Amino acid sequence: MAGREFGHHLGLPRALSGLPLSPLVPGYAELATAQHAAGLRHLGAALLPPGGGGLRVLDGLYVPSGPRGRQRVDGALLDRLARAATPTASLAGLLAALHRRDPQAPRRVVLYQLIGLMQDRDRGERPRAAVELGVHPDEVAGLVAAARLRPALTRQQRDAAESLADAWARHRLHRVRVLLERLPQDRTDPALDALRGSLSARLAVVEAALRAAREAEGRGDTERAGEELLGALHEAADDRRALRSLVRHHRPGSGRPAPLRAELASDHVELTWPETDADGNGDWLLLCLYRDEKGAPKVREVAGQDAGTARDTAVALGSAVRYAALPLRDGRVAGPPLVSRRVLVAPEVEGLTLTDGPERVEGTWRRPGGAAEVTVERTGPDGTVGQLPPRADGFTAAGLATGAHAFRVVCHYRAPGGALVPSPGVHATRTVHPWPEAVRTLTAHPDGTALRFGWTGARDTEVRLVRWPGEAPAPGSELRTDGLPARLDRPERAGVLDPPPAGFTRVAAVAVLGERALAGPAVDVEVLRPVTGLAAQRLPEGHAAVTLDWPDGVGHLLVSWEHLDGGAAGDADGLLQAVGPDTDSGMDTGTGTGTAGSTGMATSVGTATSTGTATVTASGGRRTVTAHAYRRGGLRLPVGPGGVLIRASTAPQAPGAVVVPAADAEVVLPPDTTIGYQLVRAPRRLLGRGRTLLRVTLTAPRGHMGLPEFVCVARSGTIRPRSATEGTTVLRVSGAELARHGTVERELPAAPCPAPYTLRGFLLGEHAAAVRLEEPSPATLVVR
């Protein structure tokens, strides 16, 4: 009955006569991945033309051709579909390659997939499911019967069935045996029965080779034993007994480099070996030999090889592994293995750094991931050994004696079996050196043009004064001498800055002993900048205009003035003023040859505002001036008419700093001395003109300095003379004469030059700039 339903009369020679329990094609996983990526439920859907027509699988693999015909799926059809511009062309190309290796493979794969899809549905839904899957109506009943007759596979059994061909192609005979044991043992699939027979024959050859190897090894014939073991691996590449025996025979001896190098990193094992073997083969089978948590020996393949290198990231922390690389030819072992040394998978800390300090050593590291704990062992100069409490990323050993201290840092890992496995440990040595005693306090005070410092602490230690380019380190910070800034003081005058640098400086004391130093306290020092270019000029009403060169970087200046005669000297009793005519009416007609004297008048100077606080007393005054106010409006001081001494100095800017003053800039402003003149016209007489007089008057406080000479010149016309040399000298009055008489009147020459002419007076001599000349209205000086 079953034969009439399915597969009893098959039209094709070598057609599949049973129900496939396995696709039995190498690379099935890649084929299924491409199928799912194309959105197909089974590979037969990639062969159907647009419009359908039904897929036949019972008597061979056929697709519709024409209105009622059919076409067998062969190599030519698959090649044509692979060249077509369709979404399934790449999948048809994979089937074409599969057909070239095994013509029965496409039909076997499609039938395996269809039966599996049918078995995933309830029995009553299977006929409709077959139609939905594109099966020809004539074969729906047969496919439903096939799904009922073939044993249904679990997920685990499907994985085994689909992995069989790959394991067989790679000569993993023991793996094939395990996979076959997972499948149903009925006889519905003749291909699986043939595979079981071939497997039994090959495993028998393996067992015979292993027996021969044991016998040869018992006779001491290691060479023959190795050949037999290689023969066993040639048949069964996954035979652990043969592999372990070969690894034991080819382990690297002590003192000899291993042909397969295995270097432990923080999260993997780095493997390197020759790219080819002695025969030039470049294909290798890389295996890892280890034990599981129960201690049973295990072998796994390491993937990801690239030209003699590989990286094993699947190692378990705390385990011991060994690696073997076997050369392959046509996928089979072709020579003895290259064997590595045993590797304990217990990474060490990375970047271990030791730094010594006063009676201590500090260690830092990067802890590897997965380490359960890290321990630190110290061996002192006297040989004593002790444990140190570590931190997550380091340790601190304090109270150490001077000398060399050895440290061993060990990482501990939880092995798969639960035991705590230590790493070999990282060893390092650091010497504890003598360190200087720190400076506890630092003071500074001016000493003439120098600045002298004093300190406490730092006994028997060199102390340097330095200025840090940035933020000064905190007191007690540990430093290296070669990293210190240049010292400010000189070794022969330690603790003295002569001269100190101008401006603000933060001076720190550093205790130095050999190559090591300790930062100490700091003192702020402000060395005031000198004021230059100080000058003063008299203004009316007892004021003075002060000019100076403002120092760079200075915000405030202190300006003070002091009366030279002990008081303001501004009252009437302090003035010398002659108001009567001089008894000497002689006339000096000499011509002046000196340069014109200054009038003593300042140019227009605005009154400074926002100049800070000001204090004025009977003996003088004091004012704080800002740079902004000075540059905007200058500086005007109420000094009075008497002689004053004006001083200017830089104001301190840093609160709490030790101030080193600069020498005050000084200028003496003489008393407010004026010389005035006017033309005195005599009344007309009956028989002619009266005499024309020039009256010269001195107004000066007590204690005035020397007086200049007064010269009057005349120039024809109404344009005033511009200097004492621009015109005819009509009168000269010496400073001594003015000082003696106070007021001098002189008659002018009758006709010094053609009328009308204009008169003008000038001050000449050494003191001309210190005396103001009060001139009358120019209109009163025209003589007609």
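Computed from a predicted structure; not experimentally measured.

Bringing the overall build of the protein chain into the picture now. Regarding its fold elements, the protein chain presents 14 helices and 44 strands. Projected onto the principal axes, the alpha-carbon positions of the protein chain cover approximately 180 × 90 × 50 Å. Burial status across the protein chain gives 46% buried among its 784 residues. Counting contacts in the protein chain only where the partners sit at least 6 residues apart, residues at least 24 apart contribute 67% of the total. When the accessible area of the protein chain is evaluated, it comes to approximately 38,600 Å², of which 51% is carbon and sulfur surface. Here the protein chain carries 93 positive and 85 negative side-chain charges, and the mean point of each set is 5 Å from the other.

Next up on the list: the nonpolar core. Residues Val57, Met118, Leu143, Leu164, Leu180 and Leu326 are the most contacted members of the largest nonpolar core, which totals 74 residues. When residues of this core are assigned to their parent elements, the largest contribution, 9 residues, is made by helix α5 (residues 105–119). Those residues in contact with leucine 143 that sit more than four places away from it in its chain are Val57, Leu58, Leu111, Leu114, Ile115, Met118, Ala130 and Val135.

Across the protein chain, the average pLDDT comes to 86, with 90% of residues at or above 70. Segment residues 1–16: pLDDT under 50, and 30 contacts once partners within four positions in sequence are set aside and those in other chains are kept. For residues 567–611, every residue scores under 50 in pLDDT, and the model assigns this stretch 115 contacts once sequence neighbours within four places are set aside.

Quick look at the layout of surface pockets now. Using a probe with the size of a water molecule, rolled over the atoms, empty space left in the structure can be pinpointed. Quantified by volume, the largest pocket comes out at close to 520 Å³. If you list the elements that add at least two residues to the lining of the largest pocket, you get α8 (155–169), α9 (173–182), α12 (240–249), β5 (283–291) and β6 (297–301). Considered class by class, the residues forming the lining of the largest pocket number 7 nonpolar, 2 polar and 10 charged.

Below, the discussion takes up the environment of glycine 454. By secondary structure assignment, the location of glycine 454 is in strand β21 (residues 450–457). Assessed through its relative accessible area of 24%, glycine 454 is described here as partly exposed. In the structure, glycine 454 is positioned 12 residues away from leucine 442 in sequence and 5.8 Å away in space, judged by C-alpha atoms. Setting aside its immediate chain neighbours within four residues, glycine 454 contacts Thr441, Leu442 and Thr443.

With that settled, the discussion passes to the packing of aromatic side chains. For the structure on display, the rule yields 5 aromatic pairs. Cluster of aromatic residues (ring-pair linked, three or more members): Trp365, Phe395 and Phe407. The ring of tyrosine 62 has arginine 70 lying over it, and the distance from NZ or CZ to the ring centre is 4.2 Å. Positioned over the ring face of tryptophan 168 is arginine 202, at 4.9 Å from the centre of the ring.

The next point concerns the packing of helix α3 (residues 75–83) against helix α4 (residues 89–101). Look at α3 against α4: their axes get within 7 Å of each other, and the N-to-C directions meet at 155 degrees. If you check the angle between α3 and α4, you find them roughly antiparallel. Remark: the crossing between α3 and α4 carries left-handed chirality. Contacts between α3 and α4 involve Gly75, Leu78, Asp79, Leu81 and Ala82 from the first element and Ala89, Ala92, Gly93, Leu95, Ala96, His99 and Arg100 from the second.

Moving on: the pairing of strand β31 (residues 614–617). Examined bridge by bridge, β31 and strand β32 (residues 620–626) share 4 bridges and lie antiparallel to one another. Its bridge partner being in β32, valine 616 is matched across the sheet by glycine 621. Between β31 and β32, which pair antiparallel in sequence order, lie 2 residues.

Across the sheet, 3 strands lie side by side as β20-β21-β24; this open sheet has antiparallel pairing. Two strands bound the open sheet, and with one partner strand each, they are β20 (439–447) and β24 (496–497). Pairing between β21 and β24: 2 bridges, direction antiparallel. Across the sheet, leucine 451 pairs through a bridge with leucine 497, a residue of β24.

With 6 bridges joining them, strand β27 (residues 532–539) and strand β28 (residues 543–549) adopt antiparallel strand pairing. From the neighbouring strand, arginine 538 faces β28, where its bridge partner is alanine 544.

Right, let's get into the environment of glutamate 766. Following the sequence through the fold, glutamate 766 ends up in the loop between β42 (757–764) and β43 (771–774). Taking the C-alpha atoms as reference points, glutamate 766 and threonine 617, separated by 149 residues in sequence, lie 32 Å from one another.

Across the sheet, 5 strands lie side by side as β31-β32-β29-β34-β36; this open sheet has antiparallel pairing. The sheet terminates laterally at β31 and β36 (665–669), the two strands that pair on one side only. Within the sheet, the average angular offset between the axes of one strand and its neighbour, ignoring direction, is 15 degrees. By the bridge criterion, 7 bridges tie strand β29 (residues 556–563) to strand β34 (residues 644–650) in an arrangement that is antiparallel. The residue bridging glutamate 562 from the neighbouring strand is leucine 645, located in β34.

We now examine helix α2 (residues 28–37). What α2 keeps buried is the set Tyr28, Leu31, Ala32 and Gln35. Along the axis of α2, the buried residues cluster in a sector spanning 95 degrees; they form a single face. Those residues of α2 that are exposed and angled more than 90 degrees off the buried face are Glu30, Thr33 and Ala37. Tucked inside the fold, the buried residues of α2 contact α4, α5 and α8. Of the residues flanking the end of α2, it is glycine 39, one or two places downstream, whose phi is positive at about 80 degrees.

Definitions and limits used
- Residues numbered from 1 in each chain as written.
- Predicted model: local features only at pLDDT ≥ 70, side-chain atom pairs only at ≥ 80, totals over all residues.
- Heavy atoms only, no water.
- Helix = DSSP H or I, 4+ residues; strand = E, 2+ residues; numbered from the N terminus.
- Buried < 20%, exposed > 50% of the residue type's maximum accessible area, 1.4 Å probe, protein only.
- Contact = heavy atoms within 4.5 Å.
- Areas by Shrake-Rupley, 256 points an atom, 1.4 Å probe, with all protein chains shown as cover.
- Lys, Arg positive; Asp, Glu negative; His and termini not counted.
- Charge placed at Lys NZ, Arg CZ, Asp CG, Glu CD.
- Core = buried A, V, L, I, M, F, W, Y, C linked by side-chain atoms within 4.5 Å.
- pLDDT = per-residue confidence, 0-100.
- 1 Å grid on protein atoms, 1.4 Å probe; cavity = no way out; pocket = protein on both sides within 12 Å on 5 of 7 lines; lining within 4 Å.
- Points joined across faces, edges and corners; volume = space filled by probe spheres on them.
- Nonpolar A, V, L, I, M, F, W, Y, C, P; charged D, E, K, R; others polar.
- Phe/Tyr/Trp six-rings, centres within 6.5 Å; stacked < 30°, edge-to-face > 60°.
- Lys NZ or Arg CZ within 6 Å of the ring centre and 35° of its normal.
- Axes fitted to C-alpha atoms, helices over the stretch in contact; angles between N-to-C directions.
- Parallel < 35°, antiparallel > 145°, perpendicular 65-115°, else oblique.
- Left-handed = near helix turned anticlockwise from the far one by under 90°.
- Pairing = 2+ DSSP bridges.
- Arc of directions from axis to C-beta.

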